[in-house]
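# Architecture at a glance
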Amino acid sequence: MRTDDLIKALDADARDKAMPLQSAWWLAAGAATVVAAVVFLLTIGPRPDFMAAAHTLRFLSKFVFTIVLAVSAFTLIRALSTPGAVTGRAMAGLVVAPLLVGAAVVLELFAVPQTEWGARLIGHNMMICMGLIPLIGIGPLAIFLAILCYGAPTRPVLAGAVAGLLAGGLAATFYAAHCFDDSPLFVAAWYTVAITALALMGALGGRFLVRW
Amino acid sequence: MTGKDEAELSRLMRAAIAGDERAYADLLHRIAALVRGFVRRKIVQGGVDPEDVVQETLLAIHMKRHTWRQDAPVLPWIYAIARFKLIDAFRRRGRRIEIDVDDLAETLAEPEPETVSERDINRALGGLSPAQRSVVSAISVEGRSIGETAAKFGISETAVRVSLHRGLAAIAKRFGQARFGRE
């Protein structure tokens, strides 16, 4: 087939309209939030003293970390799924959440006597944390990988990993409403493990599922 | 020249998205010429047929045109897709190659005519269902319109459009699957 012939076929197919990718991302973000919320409410739900806890700094700081992560990953993944888009600034934005956690860890180490560090780090919910964040995040991750297939990521493995971070940030936001371990030491250790697991799954998905 | 190309191509792209079919054909011809120049410059020794990469790029641009943001420049979008497909083509033939990212100036080549040889796309066409294959061939190789193709096969125009779209999507998918040497 000559290239001119191919163009005739493409031109004849021009009427087929697809939703703009950027709209699809917003739709996916909404759907993923609903999926995560349903899984969260069916499994663990918010902690009973949620309203009281909402007045404490440590409890609120968890949401700052996870929401900043989710927002920066969402910004980056929209760029990564668009060919030729500039990704530098969005890529740099990804370090904001880890920096905030790092700063909070330093503050916590000053605020809490050394004898308590171990207890704060281990917490009560470490296994639940590492199980539930991936469990809440897996549905959103599947949605985000589907949108990556709909888009055109020129670095599919990286884009898949960022899809995992996005799913992780979203899932951790819900999980944080359940968990009693509010210390930044706990968050820095176990949330990181759980979210990294989702990022690895996302990278594998990007490698083997995202083809175009 | 870059600025002029950019303005003209994004104008055509916007017109095409708004439903102007003549603008779309014009746009695809211009993109084909640009990509052909880019690819030929990058393939210095044999193994990869530049025109195969041009065709894969055009198909990808068509299937992924919803990924272009109307407020963004169109040339970087086109070249990012072309580069991705070129790297694929090398990878498929078991070669690793680094492509310069920042040489847009070099890539703005004079339009070049295509060479004729056996095409990857013909092999991909062979993998379609008989109905899709005959519709795609009628419109591309035989140059028939949607209406003429519908009359020829005694089916509705909608059925022709569906077969055409699914056939093109299947070819694009096959090219995508061929990454990582799975063809």
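Rules used throughout
- Residues numbered from 1 in each chain as written.
- Chains lettered and ligands numbered in written order.
- Predicted model: local features only at pLDDT ≥ 70, side-chain atom pairs only at ≥ 80, totals over all residues.
- Contact = placed C-beta atoms within 7 Å.
- Helix = DSSP H or I, 4+ residues; strand = E, 2+ residues; numbered from the N terminus.
- Nonpolar A, V, L, I, M, F, W, Y, C, P; charged D, E, K, R; others polar.
- Core = buried A, V, L, I, M, F, W, Y, C linked by C-beta atoms within 7 Å.
- Buried ≥ 20, exposed ≤ 12 C-beta atoms within 10 Å, placed from the backbone.
- Axes fitted to C-alpha atoms, helices over the stretch in contact; angles between N-to-C directions.
- Parallel < 35°, antiparallel > 145°, perpendicular 65-115°, else oblique.
- Left-handed = near helix turned anticlockwise from the far one by under 90°.
- Expected span 1.5 Å × (residues − 1).
- Arc of directions from axis to C-beta.

How big an interface is tends to be expressed through the accessible area that disappears when the partners come together. Contact with chain B, which involves 42 residues of that partner, is made by 29 residues of chain A. Elements with a contribution of two residues or more to the side of chain B that touches chain A: α2 (21-42), α3 (50-63), α4 (75-92), α6 (120-126), α7 (130-139) and α9 (157-177) of chain B. Here the residues of the side of chain B that touches chain A are counted per class, giving 24 nonpolar, eleven polar and seven charged.

Core analysis: the largest hydrophobic core is formed by 55 residues, its most contacted members being Ile 77, Ile 133, Phe 144, Val 162, Ala 163, Leu 166 and Tyr 175 of chain A. Contributing elements (two or more residues each) for this core: α2 (21-43), α4 (57-80), α6 (96-111), α8 (126-150), α9 (156-176) and α10 (184-208) of chain A. Here this core gets 13 residues from one element, more than from any other, and that element is α9 of chain A. Leaving out residues up to four positions away in the same chain, Ile 133 of chain A has contacts with Gly 168, Ala 171, Ala 172, Tyr 175, Tyr 191, Ala 194 and Ile 195 of chain A. Membership of the second largest hydrophobic core comes to 51 residues, among which are Leu 27, Trp 68, Leu 86 and Phe 175 of chain B.

Turning next to the packing of α4 of chain A against α6 of chain A. Residue and element names in this part refer to chain A. In the contact formed by α4 and α6, the axes pass within 8 Å of each other and the chain directions differ by 160°. Relative to α6, the element α4 lies roughly antiparallel. In the crossing of α4 with α6, the sense of the turn from one axis to the other is left-handed. Here Ser 61, Val 64, Phe 65, Val 68, Leu 69 and Ser 72 of α4 lie close against α6, whose contacting residues are Val 96, Ala 97, Leu 100, Val 101 and Ala 104. Tallied by class, the residues present in the contact of α4 with α6 amount to nine nonpolar, two polar and no charged.

Bringing α6 of chain A into the picture now. All names here are of chain A. With 16 residues, α6 should cover 22 Å at 1.5 Å per step; its first-to-last C-alpha distance of 22 Å lies within 8% of that length. Every buried residue belonging to α6 is among Ala 97, Val 101, Ala 104 and Glu 108, and all of these are buried. Considered in projection along α6, the buried side chains sweep an arc of 65° and stay on one side of the axis. Away from the buried face of α6 by more than 90 degrees, exposed residues Leu 99, Ala 103, Val 106 and Phe 110 are located. In this fold, the buried residues of α6 make contact with α4 and α10.

Geometry only, nothing functional implied.
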